[in-house]
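Spelled out from the first residue to the last, the chains are:
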Amino acid sequence: MREQVLTWLAEHVPATRIDHILRVEEMAIELASLHNIDSEKTASAALMHDLAKYFSPKRLLQMARADGLEIDEVLESNPHLLHADVGAIVARETFGVNDKEILQAIANHTLGRPGMSRLCCIVFLADSLEPARGETKELQVLREVSYSNLERAMWLTCDRTVQYLLERRCTIHPRVITTRNWFLSKSKSK
Ligand SMILES: [Fe+2]
Ligand SMILES: [Fe+2]
């Protein structure tokens, strides 16, 4: 299946994006083994997380609607955010993936979701923190936190995303905030 996905990716995604996907896969496997999560499932989700990254806004909206996804105002005006949900549809329809956790990890890799599984957290974090995202002190700290505490790494990474979007005056999807709040309160209740 890995070869099949890589062949598909070579036709639908530029080489630089494939390099990112492979780095996400590598980091996700590393995090999975550190946190005792099924590394095979995690690797599959990581490999397929950006399947729909280069789909046109029109195609993303069409596929999401056809699958019955709820499209709110923010998604409507920023269809690119749907590449995560649509990636899960492609994984299911093109590669026959039926494992709910793998599909959820793909669907939630951009906005997260309150209560999402540790496997989902790993794909989310590997996507944001893979080595080529940069070598700033902040990213290095976040990577270290992800090795030891997934919940803490989740809300800190959401904080970073929100800060980034605020600085650039970009729209923020409310689910980033609800994800952040959920993992913050989970960390505090421990
Ligand atoms: Fe993505
Ligand atoms: Fe990605």
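Residues numbered from 1 in each chain as written. Chains lettered and ligands numbered in written order. Predicted model: local features only at pLDDT ≥ 70, side-chain atom pairs only at ≥ 80, totals over all residues. Heavy atoms only, no water.

S.K.: Any chance you could explain the environment of aspartate 85 here in plain terms?
M.R.: Of note, aspartate 85 is situated in helix α6 (residues 83-95). Residue aspartate 85 is classed as buried on the basis of its relative accessible area of 15%. Along the chain, aspartate 85 and valine 176 lie 91 residues apart, while their C-alpha atoms are 15 Å from each other. Excluding residues that lie within four positions of it along the chain, aspartate 85 makes contacts with Leu69 and Ala107. (Helix = DSSP H or I, 4+ residues; strand = E, 2+ residues; numbered from the N terminus. Buried < 20%, exposed > 50% of the residue type's maximum accessible area, 1.4 Å probe, protein only. Contact = heavy atoms within 4.5 Å.)

S.K.: Just checking my understanding: could you explain the coordination of the iron ion (ligand 1) for this structure?
M.R.: When a metal holds four donors in a tetrahedron, each ideal angle between them is 109.5 degrees; when it holds six in an octahedron, the ideal angles are 90 or 180 degrees. Only Asp50 (OD), His83 (NE2) and His109 (NE2) from the protein coordinate the iron ion (ligand 1), and they sit 2.1 to 2.2 Å from it. Along the chain, the residues that donate to the iron ion (ligand 1) are spaced as D-x32-H-x25-H. Between the two metal centres, the iron ion (ligand 1) and the iron ion (ligand 2), the spacing is 3.5 Å, with aspartate 50 acting as a shared donor. With aspartate 50 in the loop between α3 (39-47) and α4 (57-66) and histidine 83 in helix α6, this pair connects stretches of sequence that are 33 residues apart. (Donors = N, O, S within 2.8 Å, 3.2 Å for Na, K, Ca; no water.)

S.K.: What exactly am I supposed to notice about unusual backbone geometry here?
M.R.: Working note: non-glycine residues mostly have negative phi, and peptide bonds are mostly trans. If you check the backbone angles, asparagine 36 has positive phi at about 55° while not being a glycine. Relative to the helices and strands, asparagine 36 resides in the loop between α2 (15-34) and α3. The class of asparagine 36 is exposed, set by a relative accessible area of 72%. Here arginine 169, not a glycine, exhibits a phi torsion of approximately 55°, which is positive. Structurally, arginine 169 can be placed in the loop between α10 (150-167) and α11 (174-188).

S.K.: Looking at this model, I keep getting lost on the coordination of the iron ion (ligand 2). Mind explaining?
M.R.: Donor atoms from the polypeptide that coordinate the iron ion (ligand 2) comprise His20 (NE2), His49 (NE2), Asp50 (OD) and Asp127 (OD), at 2.2 to 2.3 Å from the metal. Viewed at the metal, the four donor atoms of the iron ion (ligand 2) are separated by angles of 83 to 177°, and the geometry they form is irregular. Among the residues examined, histidine 20 registers a relative accessible area of 4% and is labelled buried. The exposure class of histidine 49 is buried, given its relative accessible area of 0%. (Tetrahedral: all angles 85-135°; square planar, octahedral: opposite > 155°, others 65-115°.)

S.K.: Hey, could you run me through α11 in this one?
M.R.: The α-helix advances 3.6 residues per turn, and as a result positions three or four apart in sequence lie on the same side. Compared with an ideal rise of 1.5 Å per residue, which puts 15 residues at 21 Å, α11 spans 21 Å between its outermost C-alpha atoms and is within 8% of the ideal. Of the residues making up α11, those classed as buried are Arg175, Val176, Thr179, Phe183 and Leu184. Those residues of α11 hidden inside the fold are in contact with α7 (100-107), α8 (118-129) and α10. (Expected span 1.5 Å × (residues − 1).)

S.K.: Help me understand the packing of α2 against helix α9 (residues 137-148) in this model?
M.R.: To describe two helices that pack against each other, one gives the angle between their axes and the distance between the axes. At their nearest, the axes of α2 and α9 sit 8 Å apart, and the two run at 40° to each other. Taken as axis vectors, α2 and α9 run oblique relative to one another. Mapping the contact onto sequence places Met27, Glu30, Leu31 and Leu34 in α2 and Arg143, Ser146 and Tyr147 in α9. (Axes fitted to C-alpha atoms, helices over the stretch in contact; angles between N-to-C directions. Parallel < 35°, antiparallel > 145°, perpendicular 65-115°, else oblique.)

S.K.: Looking at this structure, I do not really get the packing of aromatic side chains. What am I missing?
M.R.: Any aromatic ring pair is given by two values, namely how distant the centres are and how the planes are angled relative to each other. Under the criterion given, the structure shown has three aromatic pairs. A centroid spacing of 6.4 Å and a plane angle of 55° characterise the contact between tryptophan 8 and phenylalanine 55, whose relative ring orientation is tilted. In this pair, tryptophan 8 is assigned in helix α1 (residues 2-12) and phenylalanine 55 in the loop between α3 and α4, connecting sequence segments 47 residues apart. Of the residues examined, tryptophan 8 reaches a relative accessible area of 13% and is grouped as buried. Judged by its relative accessible area of 8%, phenylalanine 55 falls in the buried class. Ring geometry for tryptophan 8 against phenylalanine 95: centres 6.0 Å apart, planes inclined by 80°, an arrangement best described as edge-to-face. Of this pair, tryptophan 8 sits in helix α1 while phenylalanine 95 sits in helix α6; the two residues are 87 residues apart in sequence, bridging distant segments of the chain. On the accessibility criterion, phenylalanine 95 (9% relative accessible area) is buried. Members of the aromatic cluster, connected to one another through ring pairs, are Trp8, Phe55 and Phe95. In this arrangement the basic side chain of arginine 59 is found over the ring face of phenylalanine 55, its NZ or CZ atom lying 3.8 Å from the centre. Of note, arginine 168 hangs over the ring of tyrosine 164, and the distance from its end group to the ring centre comes to 3.7 Å. (Phe/Tyr/Trp six-rings, centres within 6.5 Å; stacked < 30°, edge-to-face > 60°. Lys NZ or Arg CZ within 6 Å of the ring centre and 35° of its normal.)

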